[in-house]
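Chain by chain, the residues:
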Amino acid sequence: MKNYLQNSLRALFVCACVFFSLPILAEQVEIDGIAYNLVSKAQEATVVARADGKYTGSVEIPASVVHEGVTYAVTTIGKKAFYECKDMTSVAMPNSILTIENNAFYGCRALTSVSVPNSVTSIGYAFYGCTSLTSITIPDSVTSIGKDAFSGCSSLTSVTIPDGVTSIGDSAFSGCSSLTSVTIGDGVTSIGSYAFYGCSSLTSVTIPDSVTSIGYDAFSYCTSLRTVTIPKEKGDV
């Protein structure tokens, strides 16, 4: 009998742990043509992929949405939210956005420009293959540019990495074959492997004193690169 009670209590404890460890369930709704996952407890909304098709044309994301009388702050562009939306030409993001998740804008081939809100602190694997993207505004709030963040953005012509950024991830700008100008901020301490691999139009680059490491092949196949200013030996470039 004692063992039975111990086993029952143990099973009850395990069930309680499982219950309380379950993720917060989100309700998916569509409001004014944009799909969201709504988390009632946090009163936050994540932009997600539409169930009935792709986003097209110009998309303007609001700072908040109202559903059944409750206001939700739009804080996240979710994973694959605009994945391969080949006919989406522009997107406006509010300053309520805190996170842009991986593959959020993957393969948005008609997207020509993006202004990242100054509330975002990191850019991950988000804009891979946006082949029409000619300009990107990275705000001072961003502290890291992740792996493959802008890889394959073959129409991107210039980029300014603000002083707040401390790391440029592996292959972050690889294959940006139209990139002619890059300004690396004084806060950057590391440049990842293949970060600017294949940037064949890049003619010069200045590495700031703050950089302590440069990854393997960071500037390989930059066939137009004529001038590289490196304050001291940093690594294999």
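Going by the structure above, here's the rest.
Residues numbered from 1 in each chain as written. Predicted model: local features only at pLDDT ≥ 70, side-chain atom pairs only at ≥ 80, totals over all residues. Heavy atoms only, no water.

J.: Even after reading the chapter, I still don't get the overall build of the protein, so can you show me in this structure?
T.: Within the protein, the secondary structure is distributed over 1 helix and 19 strands. Taking the contacts inside the protein whose residues are at least 6 apart along the sequence as the reference set, 28% of them involve residues at least 24 apart. Accessible surface for the protein amounts to roughly 11,900 Å². Of this, 51% is attributable to carbon and sulfur atoms. (Helix = DSSP H or I, 4+ residues; strand = E, 2+ residues; numbered from the N terminus. Contact = heavy atoms within 4.5 Å. Areas by Shrake-Rupley, 256 points an atom, 1.4 Å probe, with all protein chains shown as cover.)

J.: Quick question: what am I supposed to make of the nonpolar core here?
T.: As a rule of thumb, nonpolar side chains are buried together in soluble globular proteins. With 68 residues, the main nonpolar core has F82 and F105 as its most contacted residues. Breaking this core down by element, the ones donating at least two residues are β1 (27–31), β2 (34–39), β3 (44–48), β6 (70–77), β7 (88–92), β13 (158–161) and β15 (181–184). Here the element with the most residues in this core is β2; it accounts for 4 residues. If sequence neighbours within four positions are ignored, F82 has contacts with V47, Y55, V59, I61, I77, M88, A104, F105, Y106 and C108. (Core = buried A, V, L, I, M, F, W, Y, C linked by side-chain atoms within 4.5 Å. Buried < 20%, exposed > 50% of the residue type's maximum accessible area, 1.4 Å probe, protein only.)

J.: Even after reading the chapter, I still don't get the pattern of salt bridges, so can you show me in this structure?
T.: Oppositely charged side chains can pair when the atoms bearing their charge come close. Per the stated rule, a full pass over the model turns up 3 salt bridges. Residue E30 is joined to R50 by a salt bridge in which the shortest nitrogen-to-oxygen separation is 4.0 Å. Of this pair, E30 sits in strand β1 while R50 sits in the loop between β3 and β4 (57–60), and the two are 20 residues apart along the sequence. Within this structure, E30, R50 and D52 form a network of salt bridges that share partners. (Salt bridge = Lys/Arg side-chain N within 4 Å of Asp/Glu carboxyl O.)

J.: For this particular structure, what's the right way to read the pairing of β2?
T.: Walk down a regular strand and you will see the side chains alternate between the two sheet faces. Counting buried positions along β2 yields 5 of 6 residues, so the element is predominantly enclosed. When β2 meets β3, the two strands line up antiparallel, connected through 5 bridges. Paired with V39 across the two strands is E44, which belongs to β3. Turn length for the β2-β3 hairpin, with the two strands adjacent in sequence and antiparallel, is 4 residues, and the turn residue Q43 shows positive phi of about 55°. (Pairing = 2+ DSSP bridges.)

J.: Looking at this structure, I do not really get the environment of T134. What am I missing?
T.: In this fold, T134 is placed in the loop between β10 (122–123) and β11 (135–137). Residue classification places T134 among the partly exposed positions, given a relative accessible area of 37%. The spacing of T134 and S155 is 21 residues in sequence and 5.1 Å in space, taken between C-alpha atoms. Other than its neighbours up to four places away in sequence, T134 contacts T112, S155, L156 and T157.

J.: Looking at this structure, how should I read the state of the cysteines?
T.: Put plainly, two cysteines are in a disulfide when a covalent bond ties their sulfur atoms together. Here the structure, examined in full by the defined rule, presents 0 disulfides. C130 supplies the cysteine sulfur nearest to C108, a cysteine that is in no disulfide, at a spacing of 5.0 Å. (Disulfide = S-S within 2.5 Å.)

J.: Where do I start with the packing of aromatic side chains in this structure?
T.: Across all of its chains, the model carries 14 aromatic pairs by this definition. Taking 5.2 Å as the distance between ring centres and 5° as the angle between the ring planes, the aromatic pair formed by F127 and F150 counts as stacked. Here F150 lies in the loop between β12 (144–145) and β13 and F127 lies in the loop between β10 and β11, a separation of 23 residues in the sequence. Summarising the burial analysis for this pair, F127 and F150 share the class buried. An aromatic cluster of at least three residues, connected via ring pairs, comprises Y55, F82, F105, F127, F150, F173, F196 and F219. Between R50 and the ring centre of Y55, over which it is positioned, the NZ or CZ distance is 5.7 Å. One Lys or Arg, K80, reaches over the ring of Y83 and ends 4.8 Å from the middle of that ring. (Phe/Tyr/Trp six-rings, centres within 6.5 Å; stacked < 30°, edge-to-face > 60°. Lys NZ or Arg CZ within 6 Å of the ring centre and 35° of its normal.)

J.: Looking at this structure, how should I read unusual backbone geometry?
T.: Most peptide bonds are trans, and most residues other than glycine sit at a negative phi. Non-glycine residue D32 carries a positive phi angle of around 50°. Structurally, D32 can be placed in the loop between β1 and β2. For E68, which is not glycine, the phi dihedral falls at a positive 50°. Summarising the element assignment, E68 is placed in the loop between β5 (64–67) and β6. Take E68: its relative accessible area is 69%, and that puts it in the exposed class.

J.: Would you explain the side chain of T76 in this entry?
T.: Secondary-structure assignment places T76 in strand β6. For T76, a relative accessible area of 11% corresponds to the buried category. Here the side chain of T76 touches T75 through a polar contact of 3.4 Å, side chain to side chain. Once residues within four sequence positions are removed from consideration, T76 is found in contact with A45, T46, V47, I97, T99 and E101. (Polar contact = N/O pair within 3.5 Å; in protein donor to acceptor, adjacent residues only side chain to side chain.)

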